[in-house]
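# An overview of the molecular structure
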Amino acid sequence: MDFALSPKAEETVGRMWDFMREEVFPAEPVWAAYLAGHGAHAYPPVMDELKASARRRGLWNLFLPELSGLSNLEYASVAEVSGWSPVIAPEAVNCQAPDTGNMETLHLFGTDEQKERWLEPLMAGTIRSAYAMTEPEVASSDATNIRTTILRDGDDYVINGRKWWITGVADERCQIFIVMGKSDPAAETYRQQTMILVPRDTPGLEIVRHLPIFGFQDQHGHSELVFREVRVPRANLLGAEGDGFAIAQARLGPGRIHHAMRAVGMAERALALMVGRAKSRVAFGQPLAEQGVVRELIAQSRIDIDQARLLVQKTAWLIDRHGAKGARTEIAAIKVAAPAMATAVIDRAIEVFGGAGVGDDTPLAYFYAWARVLRIVDGPDAVHRRTIAREELRRERPYVG
């Protein structure tokens, strides 16, 4: 079993680290200062500079194996590096959620016309997108609960319903919504749902509010939407009517491990901050790094990060060889394990920093909030544990005594 990076992955990770040190980390205070002066959802011009540099460096659309030439396993190491600056770095290399999942969806299921109009500018990084599935009135972790309707009317479809926690909407560059709704309540359970493309400026689409995460307003926003008699042409349908559930399942596999990869990187930065603080701070007559309780926090964090990374790598390896269906249990497992690990490591770093850890002088408070949110997005932990348990109960045992 060879744990070394492939030559291609090692070279790409090296270029990614150069980009992070030379441009991304220095851009963080510039980014923050612009938002402080222009509003939480303004678009800092430094991002365009980072995108241009990323393209020159060949660090662009790395999540798509067909374009980057990287396997999922190779991309995992690159995505982990981007997780060290999770607000800026993924978008700088055009590998940010939810656009990656939406690009994969359009790539797999879009018509030639849909790809030309929406996929090409998304891959060029000139627009952004949203994925509108979650609803406030129902438990949306079970997609069969969704109440938004997508009903055929001649050559059009008419959409009515309410969505919330829809990522990306506060940024006006978000120009296209992939909307999931119910098109035939009388059909077989997993053929009732349909996905359709809704441009931002479509009449009847109302952006109600932008929701904070533990008090943080992200630049791209997480928003509540209302669809009132929103009418779009039949040509906007993704796949066929009734394909919505299957498309959703195809979309979620790689995207879930992208989140996990970045969570590992975020935890690594938290650990780096923890170690730096422990070496520089003195309490009770000696550096924190000499205190046994602090050393325990550091040691346990290293163990937890490395365990999660290995599970991410195994999952990516399985997807490369057997597709998302062949890694169903592992995808669910890493979706639970990586954010939980990151939350724990970041919490330990906050403990070492004390009051400085819960303010905005370090990224730890935001990291903690986002890591906790990752335990809900793309399905809450309980749903993934349910999947894992179901597979485990079916598993054949070599011996039961």
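So, a few notes on the structure that sits alongside this text.

What counts, and where the lines are drawn
Residues numbered from 1 in each chain as written. Predicted model: local features only at pLDDT ≥ 70, side-chain atom pairs only at ≥ 80, totals over all residues. Heavy atoms only, no water. Helix = DSSP H or I, 4+ residues; strand = E, 2+ residues; numbered from the N terminus. Buried < 20%, exposed > 50% of the residue type's maximum accessible area, 1.4 Å probe, protein only. Contact = heavy atoms within 4.5 Å. Polar contact = N/O pair within 3.5 Å; in protein donor to acceptor, adjacent residues only side chain to side chain. Phe/Tyr/Trp six-rings, centres within 6.5 Å; stacked < 30°, edge-to-face > 60°. Patch = residues over 30% accessible without salt bridge, like charges linked within 9 Å, V, L, I, M, F, W, Y side chains within 5 Å. Areas by Shrake-Rupley, 256 points an atom, 1.4 Å probe, with all protein chains shown as cover. Salt bridge = Lys/Arg side-chain N within 4 Å of Asp/Glu carboxyl O. Lys, Arg positive; Asp, Glu negative; His and termini not counted. Charge placed at Lys NZ, Arg CZ, Asp CG, Glu CD. Axes fitted to C-alpha atoms, helices over the stretch in contact; angles between N-to-C directions. Nonpolar A, V, L, I, M, F, W, Y, C, P; charged D, E, K, R; others polar.

### Remarks on the environment of N94
Secondary-structure assignment places N94 in the loop between helix 5 (89–92) and helix 6 (99–109). Residue classification places N94 among the buried positions, given a relative accessible area of 1%. Expressed as a C-alpha distance, the spacing of N94 and N61, which sit 33 residues apart in the sequence, is 5.4 Å. Apart from the residues within four sequence positions on either side, N94 is in contact with W60, N61, F63, T100, M103, L122, M123, A124 and G125. From its side chain, N94 meets the backbone oxygen of L122 in a polar contact 3.0 Å long.

### With respect to the packing of aromatic side chains
Counting across every chain of the model gives four aromatic pairs. Seen from their ring centres, W164 and W165 are 6.1 Å apart, and the 55 degrees between their planes marks the pair as tilted. W165 sits in the partly exposed class, given a relative accessible area of 34%. With a centroid separation of 4.6 Å and an interplanar angle of 55 degrees, the aromatic rings of Y190 and F245 are classed as tilted. Of the two residues, Y190 is situated in the loop between strand 4 (174–182) and strand 5 (193–199) and F245 in helix 8 (residues 244–280); the sequence distance between them amounts to 55 residues. Judged by relative accessible area, which is 18%, F245 ranks as buried.

### As for a negative patch on the surface
The grouping of D112, E113, E116 and E120 at the surface amounts to a negative patch. Assignment of secondary structure puts E116 in helix 7 (residues 112–124). For E116, a relative accessible area of 54% gives the class exposed.

### Regarding the side chain of K335
Looking at the element boundaries, K335 is found in helix 10 (residues 328–353). The side chain of K335 is buried and forms no salt bridge, while D381, the nearest opposite charge, is found at 4.4 Å. A distance of 2.5 Å separates the side chain of K335 from the backbone oxygen of L374, its partner in a polar contact. Looking at K335, its side chain comes within polar contact range of the main-chain oxygen of G379, at 3.3 Å. With near-sequence residues (within four places) excluded, K335 lies in contact with L374, R375, I376, V377, D378, G379, D381 and H384.

### A word on the packing of helix 4 (residues 72–82) against helix 9 (residues 292–322)
Orientation of helix 4 relative to helix 9, taken along the N-to-C sense of each, is 145 degrees, at an axis distance of 8 Å. Touching N72, L73, A76 and E80 of helix 4 are R309, V312, Q313, A316, W317, I319 and D320, all from helix 9. By residue class, the composition of the contact of helix 4 with helix 9 is six nonpolar, two polar and three charged.

### What to know about the environment of E10
Along the chain, the position of E10 falls in helix 1 (residues 7–38). Sequence spacing of E10 and S77 is 67 residues, and the spatial spacing of their C-alpha atoms is 8.5 Å.

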